[in-house]
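# Observations on the model geometry
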Amino acid sequence: MSRVRVHNFSVSLDGFATGEGQSLDSPFGHAGTRLHEWFFPTRTFQQMLGKQDGSVGVDDAIAGTWDVGIGAEIMGRNKFGPQRGPWENEDWNGWWGANPPFHTPVFVLTHHPRPSVEMEGGTTFHFIDATPQEALRQAREAAGDLDVRIGGGPTTIREFLAADLVDHLHIVVVPIVLGRGERLWDGLEEIEKRFRTEFVTTSSGVTHMTFTRA
């Protein structure tokens, strides 16, 4: 059976994966870009922008595995966009422009389903109201023999962890304190017992934590 994977998911020292006050202009609220500044110089990120340069150190080596063998993604609605409640604007299709970086079917969890949207580059957004188990069933069907990535945000990843559906979890601990926002680890006491863990700290100052199902 295909694996369920999380990659390049950044949290602060106090466990927040996004800041408070998400908006169209501030996808991560008051955290701004601080959780992801380790990622921006990497070749992996630069290639997402259509560039060929970028750093090739340990951060890039780990970050670059995010799309290897992935056949579908599941994300929460708040990763797709800042709108809440019924969709007021179905013409806006996420923060990534006409050619999102996913290049697979993407299942967006929402209590307000809407018609699927086909983008350039192989990305199609499907908006579904489903439990983690049902969303994973649909994503696996779309992915075939490939793996399914849980893209975030923290609420979605926490729900999949609570349901014991995650096989590989890559967390990047960034040395900042946010103080408020949405935490990743709440309600997941002793989750580490399910996994083998590895840790490496890089010259950028972040610590990569990899949890692999035991």
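What counts as what
Residues numbered from 1 in each chain as written. Predicted model: local features only at pLDDT ≥ 70, side-chain atom pairs only at ≥ 80, totals over all residues. Heavy atoms only, no water. Helix = DSSP H or I, 4+ residues; strand = E, 2+ residues; numbered from the N terminus. Buried < 20%, exposed > 50% of the residue type's maximum accessible area, 1.4 Å probe, protein only. Contact = heavy atoms within 4.5 Å. Areas by Shrake-Rupley, 256 points an atom, 1.4 Å probe, with all protein chains shown as cover. Lys, Arg positive; Asp, Glu negative; His and termini not counted. Charge placed at Lys NZ, Arg CZ, Asp CG, Glu CD. Core = buried A, V, L, I, M, F, W, Y, C linked by side-chain atoms within 4.5 Å. Pairing = 2+ DSSP bridges. Axes fitted to C-alpha atoms, helices over the stretch in contact; angles between N-to-C directions. Expected span 1.5 Å × (residues − 1). Salt bridge = Lys/Arg side-chain N within 4 Å of Asp/Glu carboxyl O.

### A short note on the overall build of the protein chain
Looking only at helices and strands, the protein chain features five helices and 11 strands. Dimensions along the principal axes, computed over C-alpha positions, put the protein chain at roughly 45 × 35 × 35 Å. Taking all 214 residues of the protein chain together, 47% fall into the buried category. The contacts of the protein chain with a sequence gap of at least 6 include a subset with a gap of at least 24, amounting to 63%. Of the roughly 10,400 Å² of accessible surface on the protein chain, a fraction of 51% belongs to carbon and sulfur atoms. Considering the protein chain, the positive charge centre built from 19 side chains and the negative charge centre built from 28 side chains are found 3 Å apart.

### Topic: the nonpolar core
Here is a general trend for soluble globular proteins: nonpolar side chains tend to be buried in one another's company. Ile 74, Phe 160 and Ile 171 are the most contacted members of the largest nonpolar core, which totals 30 residues. Of all the secondary-structure elements, those providing two or more residues to this core are β1 (4-12), β3 (70-76), β4 (105-109), α4 (132-143), β7 (147-152), α5 (154-162), β8 (168-174) and β11 (207-213). When neighbours within four sequence positions are excluded, Phe 160 is seen to be in contact with Ile 74, Leu 109, Pro 132, Ala 135, Leu 136, Ile 150, Leu 165 and Val 166. If you look at the next biggest cluster of nonpolar residues, it comprises 12 residues, including Phe 16, Val 172, Val 174 and Val 206.

### Side note on the sheet that holds strand β5 (residues 117-118)
Spatial ordering of the open sheet is given by β5-β6-β4-β3-β7-β1-β8-β11-β10, a layout of nine strands whose pairing is mixed. Unpaired on one side and paired on the other, β5 and β10 (195-201) mark the two borders of the sheet. As paired strands, β8 and β11 are joined by six bridges and run antiparallel to one another. Looking across to β11, one finds that His 168 is bridged to Thr 212. Against the sheet, α5 touches β1, β3, β4, β7, β8 and β10, its axis set at about 135° to β7.

### So, α4
Over its 12 residues, α4 extends 16 Å from the first C-alpha to the last, a length consistent with the 16 Å expected when each residue adds 1.5 Å. Packed against the buried residues of α4 are β1, β3, β4, β6 (124-128), β7 and α5.

### Points about the pattern of salt bridges
Where charged atoms of side chains with opposite charge meet at close range, the side chains can pair. Scanning all chains against the criterion turns up 12 salt bridges. With its nearest N and O atoms 2.8 Å apart, the salt bridge here joins Arg 158 to Glu 182. Note that Arg 158 is positioned in helix α5 and Glu 182 in strand β9 (residues 182-183), a separation of 24 residues in sequence. Arg 158 sits in the buried class, given a relative accessible area of 16%. Of the residues examined, Glu 182 reaches a relative accessible area of 27% and is grouped as partly exposed. The residue Asp 164 makes a salt bridge to Arg 213 at a minimum N-O spacing of 3.2 Å. Separated by 49 residues along the polypeptide, Asp 164 in the loop between α5 and β8 and Arg 213 in strand β11 bring together distant segments of the chain.

### Observations concerning the side chain of Thr 104
Among the secondary structure elements, Thr 104 is positioned in the loop between α3 (77-80) and β4. Judged by relative accessible area, which is 7%, Thr 104 ranks as buried. Residues within four places of Thr 104 in sequence aside, it is in contact with Ile 70, Gly 71, Ala 72, Glu 73, Gly 122, Thr 123 and Thr 124.

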